[in-house]
Amino acid sequence: MTVLLDFLNDDPRTKLRTDRPRHPEKVNRPDTPLQKKPAWIRVKAPGSAQWTETRRIVRENKLVTVCEEAGCPNIGECWAKKHATFMIMGDTCTRACAFCNVRTGLPDPLDADEPGKVADAVAKLGLEHVVVTSVDRDDLADGGAAHFAATIAAIRAMSPATSIEILTPDFLRKHGALETVVAARPDVLNHNLETVPSKYLAVRPGARYFHSIRLLQRVKELDPRIFTKSGIMVGLGEDRSEVLQLMDDLRSADVDFLTIGQYLQPTRKHHAVMRFVPPDEFEAYRKTAYAKGFLMVSATPLTRSSHHAGDDFRKLRERRSI
């Protein structure tokens, strides 16, 4: 079993923030049209007995999940398998990306007990593989790197057999932050590029494309044993040639694993879906990415960066040993 942990607050269900908009920076933006999803992007509505049980556990433990917050299309499948997605370092992001539905604004202080809480949950669930992600914390001197490291260390202490995958921010202008995280020895370090460089100003204005490429490259320089991973969304107006160049950029940084999924617009205030990419184009991207040397590639309309993470990690280890 794999559970993706992103603990937000001790009791987020009783601390709902109704005093301000979820995305204050987007309130005055003009609405963009919501396109009808094609047949290949539709999924069954959640509601199985297992999904209901997962929902009950989430509510009883007073957790907020990225599955719900980001409107993930795979929530029915994952929750039916008791795979829920949580975040560390709060529920509020300091960035204002045009594609993301996570709350934006000034975050609360870090919970010093959170690493232990994550480790306790991992141990109680008996997880073989765990994914820990976070919001961006540009307000912190190290971008939250020490908090990531403390969480990894706490999991290692309580569950030494559990493999750990982290999905990190870019630690932009946070000197020494990446080194702190890498020294904690996660098994997989994932950092998503999200889109091609020509779309950064509109889609990911707080980030820098080549900084993210360099971050992934630096991981392998510091510890080549760590698997590196990155993901993008398509349907944001990118050209195929730009996606192929992005693949080359990632391979130049020795990235092992690439995920490609369809962008889905959370609200009318978010970036519009420019195109629904058909499954055959995803399959063509998958084959091309393997030809360029990636150890693992997941490219489907419903692919998300942490979907099937445990199974994929086992395949990564097998393919490295070949």
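Relevant structure appears above.
Criteria and thresholds
- Residues numbered from 1 in each chain as written.
- Predicted model: local features only at pLDDT ≥ 70, side-chain atom pairs only at ≥ 80, totals over all residues.
- Heavy atoms only, no water.
- Helix = DSSP H or I, 4+ residues; strand = E, 2+ residues; numbered from the N terminus.
- Buried < 20%, exposed > 50% of the residue type's maximum accessible area, 1.4 Å probe, protein only.
- Contact = heavy atoms within 4.5 Å.
- Areas by Shrake-Rupley, 256 points an atom, 1.4 Å probe, with all protein chains shown as cover.
- Phe/Tyr/Trp six-rings, centres within 6.5 Å; stacked < 30°, edge-to-face > 60°.
- Core = buried A, V, L, I, M, F, W, Y, C linked by side-chain atoms within 4.5 Å.
- Pairing = 2+ DSSP bridges.
- Right-handed = clockwise from strand over helix to strand, strands pointing away.
- Expected span 1.5 Å × (residues − 1).
- Arc of directions from axis to C-beta.

(A) Broad picture of the overall build of the protein chain. Along its length, the protein chain carries 11 helices and 10 strands. Per-residue burial for the protein chain yields a buried fraction of 53% across its 322 residues. Considering only contacts within the protein chain whose residues lie at least 6 apart along the sequence, 78% involve residues at least 24 apart. Entry remark: accessible area of the protein chain is about 14300 Å², with carbon and sulfur atoms responsible for 55%.

(B) Layout of the packing of aromatic side chains. A full pass over the atoms with the stated rule returns 3 aromatic pairs. Ring centres 4.8 Å apart and planes at 90 degrees place the aromatic pair Tyr 209 and Phe 210 in the edge-to-face group. Of the residues examined, Phe 210 reaches a relative accessible area of 58% and is grouped as exposed. Geometrically, the ring pair formed by Phe 227 and Phe 313 is edge-to-face, given 5.9 Å between the ring centres and 90 degrees between the ring planes. In this pair, Phe 227 is assigned in strand 8 (residues 227–234) and Phe 313 in helix 11 (residues 309–321), connecting sequence segments 86 residues apart. Looking at Phe 313, the relative accessible area reads 4%, which means it is buried.

(C) The environment of Leu 236, seen in detail. Considering the arrangement of structural elements, one finds Leu 236 in the loop between strand 8 and helix 9 (240–252). With 38 residues separating them in the primary sequence, Leu 236 and Met 274 have C-alpha atoms 5.3 Å apart. Apart from the residues within four sequence positions on either side, Leu 236 is in contact with Thr 195, Lys 199, Val 203, Tyr 263, His 271, Ala 272 and Met 274.

(D) Just the nonpolar core, in detail. Residues Leu 189, Met 247, Leu 250 and Ile 260 are the most contacted members of the largest nonpolar core, which totals 56 residues. With 6 residues, helix 5 (residues 145–158) is the largest single contributor of residues to this core. Among residues more than four places away in sequence, those in contact with Leu 250 are Leu 193, Ile 213, Leu 216, Ser 230, Val 255, Leu 258 and Phe 294. Counting residues in hydrophobic clusters, the runner-up holds 11 residues, among them Cys 97, Val 203, Leu 236 and Leu 302.

(E) Broad picture of the pairing of strand 5 (residues 129–134). Counted residue by residue, strand 5 has 6 buried out of 6 residues, so it is predominantly covered. Pairing between strand 5 and strand 6 (residues 163–167): 5 bridges, direction parallel. Looking at the pairing, His 129 lines up with Ser 163 of strand 6. You can see the chain leave strand 5, run along helix 5 and come back into strand 6, and the turn it takes is right-handed.

(F) Helix 8 (residues 209–222), seen in detail. Spanning 14 residues, helix 8 covers 20 Å between terminal C-alpha atoms, matching the ideal 20 Å at 1.5 Å per step. Buried within helix 8 are the following residues: Tyr 209, Ser 212, Ile 213, Leu 215, Leu 216, Val 219 and Lys 220. The buried residues of helix 8 all sit within an arc of 155 degrees when viewed along its axis, so they share a single face. Against helix 6 (177–183), strand 7 (188–190), helix 7 (200–203), strand 8, helix 9 and helix 11 lie the buried residues of helix 8.

Note that all results are geometric; they support no functional claim without further evidence.
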